[in-house]
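Given next are the chains, with one letter for each unit.
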Amino acid sequence: MSSIEDIVDSLENKISKVLHKLELLKLANLKLSEELDISKQEIKTQKDHIANWEEKYEALKMANSILGSDDNKRETKLKINALIRDIDHCIAQLSD
């Protein structure tokens, strides 16, 4: 009977070790999930920051074109024409 008790003790010991490892893995998973959430938030913030700078860059290009820079005149003319079409469309809708 002693061998059965040894086997049971060994199983209990192994189960205890497995449960301990499970708890450690749960804690590690929770920590990684928190780090992932933080990283996602940082990425979103950086994307917003990049979009903001791109918008500023486009506005600067437009301003340079209007001030006489030859680099972006065609693009500026197209943008102005698009804005005029939008305004004409709005006026047409208002007059209906």
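The paragraphs below set out a description of the structure included in this document. (Residues numbered from 1 in each chain as written. Predicted model: local features only at pLDDT ≥ 70, side-chain atom pairs only at ≥ 80, totals over all residues. Heavy atoms only, no water.)

## A look at the overall build of the protein chain
Here is step 1 of the chain: When helices and strands are counted, the protein chain shows two helices and zero strands.
Here is step 2 of the chain: For the protein chain, whose C-alpha radius of gyration is 33 Å, the value lies well above the compact-globule estimate of 12 Å for 96 residues.
Here is step 3 of the chain: Referenced to the eigenvectors of the C-alpha coordinate spread, the extents of the protein chain come out at roughly 95 × 40 × 15 Å.
Here is step 4 of the chain: When each of the 96 residues of the protein chain is scored for burial, the buried share is 4%. (Helix = DSSP H or I, 4+ residues; strand = E, 2+ residues; numbered from the N terminus. Rg over C-alpha atoms; globule rule 2.2 N^0.38 Å. Buried < 20%, exposed > 50% of the residue type's maximum accessible area, 1.4 Å probe, protein only.)

## A closer look at the packing of aromatic side chains
Here is step 1 of the chain: What the rule picks out here adds up to zero aromatic pairs.
Here is step 2 of the chain: The ring centre of Trp53 lies 4.7 Å from the NZ or CZ of Lys56, which sits over that ring. (Phe/Tyr/Trp six-rings, centres within 6.5 Å; stacked < 30°, edge-to-face > 60°. Lys NZ or Arg CZ within 6 Å of the ring centre and 35° of its normal.)

## Examining a negative patch on the surface
Here is step 1 of the chain: On the surface, a cluster of negative charge is contributed by Glu5, Asp6, Asp9 and Glu12.
Here is step 2 of the chain: Summarising the element assignment, Asp9 is placed in helix 1 (residues 2-66).
Here is step 3 of the chain: The partly exposed category is assigned to Asp9, whose relative accessible area is 47%. (Patch = residues over 30% accessible without salt bridge, like charges linked within 9 Å, V, L, I, M, F, W, Y side chains within 5 Å. Areas by Shrake-Rupley, 256 points an atom, 1.4 Å probe, with all protein chains shown as cover. Salt bridge = Lys/Arg side-chain N within 4 Å of Asp/Glu carboxyl O. Lys, Arg positive; Asp, Glu negative; His and termini not counted. Charge placed at Lys NZ, Arg CZ, Asp CG, Glu CD.)

## Some thoughts on a nonpolar patch on the surface
Here is step 1 of the chain: On the surface, Ile7, Leu11, Ile15, Leu19 and Leu22 cluster together into a nonpolar patch covering about 480 Å² of accessible area.
Here is step 2 of the chain: The residue Leu19 is located in helix 1 in this model.

## Digging into the environment of Val18
Here is step 1 of the chain: Relative to the helices and strands, Val18 resides in helix 1.
Here is step 2 of the chain: For Val18 and Ala82, which are 64 residues apart along the polypeptide, the C-alpha to C-alpha distance reads 67 Å.

## Quick word on the packing of helix 1 against helix 2 (residues 73-95)
Here is step 1 of the chain: One way to put it is that helix 1 packs onto helix 2 with a least axis distance of 9 Å and a crossing angle of 105°. Judged by the angle between their axes, helix 1 and helix 2 are roughly perpendicular. The segment helix 1 lies against helix 2, with Glu58, Lys61, Met62, Ser65 and Ile66 engaging Lys73, Glu75, Thr76 and Lys79.
Here is step 2 of the chain: Classifying every residue of the contact of helix 1 with helix 2 by side-chain character gives two nonpolar, two polar and five charged. (Axes fitted to C-alpha atoms, helices over the stretch in contact; angles between N-to-C directions. Parallel < 35°, antiparallel > 145°, perpendicular 65-115°, else oblique. Contact = heavy atoms within 4.5 Å. Nonpolar A, V, L, I, M, F, W, Y, C, P; charged D, E, K, R; others polar.)

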